[in-house]
Amino acid sequence: MVSFSDFYRRSIEDRDAFWSEQADSIEWQTRPRQICDYSEPPFARWFAGGTTNLCHNAVDRHLADRAQQNALIAISTETNTERAYSYAELHAEVQRMAACLQALGVKQGDRVLIYMPMIAEAAFAMLACARIGAIHSVVFGGFASSSLASRIEDAEPTVIVSADAGSRGGKVVAYKPLLDEAIELSAHKPQAVLLVDRGLAPAAMRAGRDHDWAALRSRHIDAKVPCAWVDSTHTSYTLYTSGTTGKPKGVQRDTGGYAVALASSMRHIFDAKPGDTYFCTSDIGWVVGHSYIIYGPLLAGMATVMYEGLPIRPDAGIWWSIVEKYKVTHMFSAPTAVRVLKKQDPEYLRRYDISSLRGLWLAGEPLDEPTAQWISQSLQVPIIDNYWQTETGWPILTLCNGVEKQTSRFGSPGRAVYGYNVKLIDETNGEELLGPDQKGVLAIEGPLPPGCLQTVWRNDERFVNTYWKSIPGRLIYSTFDWGIRDKDGYYFILGRTDDVINVAGHRLGTREIEECISGSANIAEVAVVGVADSLKGQVAMAFAVVRDASGLTDDAARLKYEGEIMKHVDSQLGAVARPARVFFVNALPKTRSGKLLRRTLQAIAEKRDPGDITTMEDPTALQQIKELLG
Ligand code: AMP
């Protein structure tokens with residue numbers, strides 16, 4: 001057996017030979033002409049000239065060996081429904097969906113926006129797009145009309161696939177009115193909306209534009225839609241993520257590189273085999289959902305569990321009962337969810353037979369030691385932290401236990417994953433930090449490995465300028481995370497270098513929230529910062545200066561206005577972005593040149609020393625904030 005160090009070294013030093021072998025983990029219609037075309041850095045074209053199809057590899061390919069095996073297990077504790085689809089059934093459903101999309105005018109290269117809860121039809125829609133070479137753009141169902149509208153405008157979808165409603169903790173969230181409002185707000189209008197009616201909320205249908213999925217499906221019940229063989233570099237999807245500006249970025253992913261990266265990760269990171277069962281508790285609206293609810297497990301011929309519901313409803317044993325029932329072998333979740341479970345009676349973990357489980361992978365935010373210790377002792381399986389980003393599509397740092405078993409170190413997501421030429425860089429001069437325990441910006445030398453973003457959708461310039469030019473004198477990809485590396489090559493992540501915050505594993509741009517709050521008539525200025533929180537990792541906190549304070553003279557009035565602002569954020573961006581508190585202040589801390597001192601504000605909110613405040617225009621601004629925070 002090859003050591004991980006050798007495996008890693010080969011992936012960097014003998015890149016083409018290494019990835020040529022990995023390319024064999026998927027089926028190609030035409031073999032690639034070239035493994036990595038890096039003639040125009042930082043744009044990498046992986047497996048150029050090769051033709052393949054993601055849906056073929058995720059579904060059709062398995063029909064010969066496992067047509068009757070479970071492929072997709074859709075469980076909702078919100079609607080108390082449960083249905084397992086075999087690979088043969090999934091194949092049929094995906095073709096029906098593909099035929100419906102084609103009937104609504106979708107062609108290869110067109111965008112299909114998917115705004116859906118965690119129901120099987122969302123998976124059918126994603127796979128159907130991949131099947132016909134359309135580009136899907138999934139928008140998290142928790143986002144509201146304004147977030148949705150900006151994504152519709154950027155993606156310009158031909159068709160939007162949606163549902164009447166989602167449900168969270170027993171509370172129905174109607175999607176259709178939000179969607180209608182978003183289409184109204186957007187300059188781009190889709191040709192058609194395909195709506196899955198779950199019977200949860202009334203949905204007004206606009207004649208000529210809106211189509212009912214059940215009715216259209218019944219007309220395509222025997223549909224046979226062949227897979228479109230597309231170039232490896234054909235865009236499979238875009239997925240929006242927050243950055244430091246108010247405008248979200250459309251992370252654009254290819255087809256062949258993504259398929260190879262995921263198929264290879266299933267083997268080398270997860271040590272997974274066909275017939276195993278994967279349960280990822282994320283949402284299809286996030287990258288983890290794309291890679292490890294839908295594509296990764298299906299590419300590997302596994303069964304994948306799609307779960308709509310909370311981890312503690314009907315009780316905190318629900319996940320473990322799913323593990324027992326479906327003999328789940330691999331679980332993937334986020335530290336926040338584990339912290340939620342940790343507050344419940346530990347008896348729930350002992351009630352079920354979870355002996356099928358071989359590991360729990362956690363990602364999306366820092367994994368703190370008490371959480372890791374608790375879940376490790378409770379489950380008695382390896383707990384494997386992994387660090388990555390929407391942009392990369394699969395882990396940058398973790399332990400590749402499918403190559404060589406390695407021991408976890410608390411607080412560290414692990415070592416650099418094969419294919420990623422990870423470096424720590426001194427941000428001031430661009431020099432690489434080679435010694436152990438030196439703090440630098442975690443960066444990746446190009447080309448990025450297969451599976452990572454090709455570019456920012458329709459904005460190559462933003463791709464280059466944002467990600468590749470932030471470090472002086474070097475063309476190198478910045479993760480915008482601080483990190484250190486110990487003498488054995490284990491990395492530790494020390495937080496973001498920019499104004500992006502991470503709430504319960506969800507990345508949010510503080511600028512986006514600020515722009516939304518500024519939209520409220522009486523707000524003159526606002527600053528949003530991420531503040532440490534024992535459950536969610538971080539929460540957003542807003543500090544606002546009002547134009548007219550005459551109506552805010554007592555606590556009741558301030559509380560009322562705070563509630564109104566929160567509601568405004570809920571309705572515009574979605575509840576995920578809602579600040580935990582909105583404080584009304586006389587002034588925000590700024591430098592003399594007028595730059596907002598977010599880190600000072602954050603330090604005060606976290607009751608830390610704000611450091612040197614001599615450059616501040618008006619240090620007394622801090623006094624009021626300190627008093628408000630108590
Ligand atoms: P997203 O693109 O939404 O997945 O957010 C990616 C960001 O989340 C990273 O840049 C990190 O700041 C953070 N992150 C993701 N995984 C981890 C992890 N395992 N440990 C620490 N931070 C993480």
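Anyway, here's the lowdown on the structure attached to this text. (Residues numbered from 1 in each chain as written. Predicted model: local features only at pLDDT ≥ 70, side-chain atom pairs only at ≥ 80, totals over all residues. Heavy atoms only, no water.)

**Observations concerning the overall build of the chain**
Phase 1 of the analysis: Within the chain one finds 20 helices and 32 strands.
Phase 2 of the analysis: Seen through its principal axes, the chain has C-alpha atoms that stretch 70 × 60 × 55 Å.
Phase 3 of the analysis: For the chain, with 630 residues in total, the buried portion stands at 61%.
Phase 4 of the analysis: Carbon and sulfur atoms make up 49% of the accessible area of the chain, which amounts to about 24000 Å² in all. (Helix = DSSP H or I, 4+ residues; strand = E, 2+ residues; numbered from the N terminus. Buried < 20%, exposed > 50% of the residue type's maximum accessible area, 1.4 Å probe, protein only. Areas by Shrake-Rupley, 256 points an atom, 1.4 Å probe, with all protein chains shown as cover.)

**Remarks on the packing of helix H7 (residues 145-155) against helix H8 (residues 176-185)**
Phase 1 of the analysis: In the contact formed by H7 and H8, the axes pass within 8 Å of each other and the chain directions differ by 50°. Taken together, H7 and H8 sit at an angle that is classed as oblique. Seen along the crossing, H7 lies across H8 with a hand that is right-handed. Of the residues in H8, those in contact with Ser145, Ser146, Leu148, Ala149, Ile152 and Glu153 of H7 are Leu178, Leu179, Glu181, Ala182, Ile183 and Leu185.
Phase 2 of the analysis: Residues belonging to the contact of H7 with H8 are distributed by class as follows: 8 nonpolar, 2 polar and 2 charged. (Axes fitted to C-alpha atoms, helices over the stretch in contact; angles between N-to-C directions. Parallel < 35°, antiparallel > 145°, perpendicular 65-115°, else oblique. Left-handed = near helix turned anticlockwise from the far one by under 90°. Contact = heavy atoms within 4.5 Å. Nonpolar A, V, L, I, M, F, W, Y, C, P; charged D, E, K, R; others polar.)

**Re the site of the ligand**
Phase 1 of the analysis: Every one of the 14 residues lining the ligand counts as a neighbour, but Asp385, Thr390, Asp481, Arg496 and Arg507 are closest to it.
Phase 2 of the analysis: Contacts to the ligand include glycine 364, whose backbone N or O atom sits 3.1 Å from a nitrogen atom.
Phase 3 of the analysis: Within the contact set of the ligand, a nitrogen atom lies 2.8 Å away from a side-chain nitrogen or oxygen of aspartate 385.
Phase 4 of the analysis: Across the shell around the ligand, the residue classes break down as 4 nonpolar, 5 polar and 5 charged. (Near = heavy atom within 4 Å. Polar contact = N/O pair within 3.5 Å; in protein donor to acceptor, adjacent residues only side chain to side chain.)

**Looking at the nonpolar core**
Phase 1 of the analysis: Core analysis: the biggest nonpolar cluster contains 120 residues, and Leu101, Leu127, Tyr292, Tyr295, Phe332, Trp394 and Tyr418 have the highest contact counts within it.
Phase 2 of the analysis: Per-element accounting of this core gives the leading share, 11 residues, to helix H6 (residues 120-132).
Phase 3 of the analysis: Aside from chain neighbours lying at most four places away, what touches tyrosine 292 is Leu262, Ser265, Met266, Phe270, Tyr278, Cys280, Pro297, Thr304, Phe332, Trp388, Trp394 and Pro395.
Phase 4 of the analysis: Judged by nonpolar contacts, the second largest core, of 31 residues, contains Tyr307, Val323, Val338 and Ala372. (Core = buried A, V, L, I, M, F, W, Y, C linked by side-chain atoms within 4.5 Å.)

**Remarks on empty space enclosed by the protein**
Empty space among the atoms can be located by rolling a probe the size of a water molecule over them.
Phase 1 of the analysis: As enumerated under the stated definition, the model contains 4 cavities of 30 Å³ or more in all.
Phase 2 of the analysis: The volume enclosed by the largest cavity comes to roughly 90 Å³.
Phase 3 of the analysis: If you go around the largest cavity, the residues you meet are Pro42, Ala44, Trp46, Asp254, Leu448, Pro449, Gly451, Cys452, Leu453 and Gln454.
Phase 4 of the analysis: A per-class count over the lining of the largest cavity returns 7 nonpolar, 2 polar and 1 charged.
Phase 5 of the analysis: Taken as a whole, the second largest cavity spans an internal volume of roughly 60 Å³.
Phase 6 of the analysis: Surrounding the second largest cavity, Phe143, Ser147, Ser242, Leu508, Gly509, Glu512, Ile513, Leu573 and Ala577 form its lining.
Phase 7 of the analysis: Considering only residue class, the lining of the second largest cavity consists of 5 nonpolar, 3 polar and 1 charged. (1 Å grid on protein atoms, 1.4 Å probe; cavity = no way out; pocket = protein on both sides within 12 Å on 5 of 7 lines; lining within 4 Å. Points joined across faces, edges and corners; volume = space filled by probe spheres on them.)

**Remarks on the packing of H6 against helix H11 (residues 287-299)**
Phase 1 of the analysis: For the pair H6 and H11, the least separation of the axes is 12 Å and the interaxial angle reads 60°. With respect to H11, the axis of H6 lies oblique. The two elements H6 and H11 meet at a crossing, and its hand is right-handed. From H6, Ala123, Met126, Leu127 and Ala130 reach across to H11, where they touch His290, Ile294, Tyr295 and Leu298.
Phase 2 of the analysis: Looking at side-chain class alone, the contact of H6 with H11 contains 7 nonpolar, 1 polar and no charged residues.

**Brief notes about the sheet that holds strand S11 (residues 192-196)**
Phase 1 of the analysis: One open sheet accounts for 8 strands, arranged S12-S11-S8-S6-S7-S14-S15-S25; its pairing is mixed. The sheet terminates laterally at strand S12 (210-212) and strand S25 (455-456), the two strands that pair on one side only.
Phase 2 of the analysis: Direction of pairing for strand S6 (residues 111-115) relative to strand S7 (residues 135-138): parallel, over a ladder of 4 bridges. Bridge assignment links valine 112 to a residue of S7, and that residue is histidine 136.
Phase 3 of the analysis: Strands in contact with H7 are S6, S7, strand S8 (159-163) and strand S14 (237-241); relative to S6, the strand with the most contacts, it is inclined by about 165°. (Pairing = 2+ DSSP bridges.)

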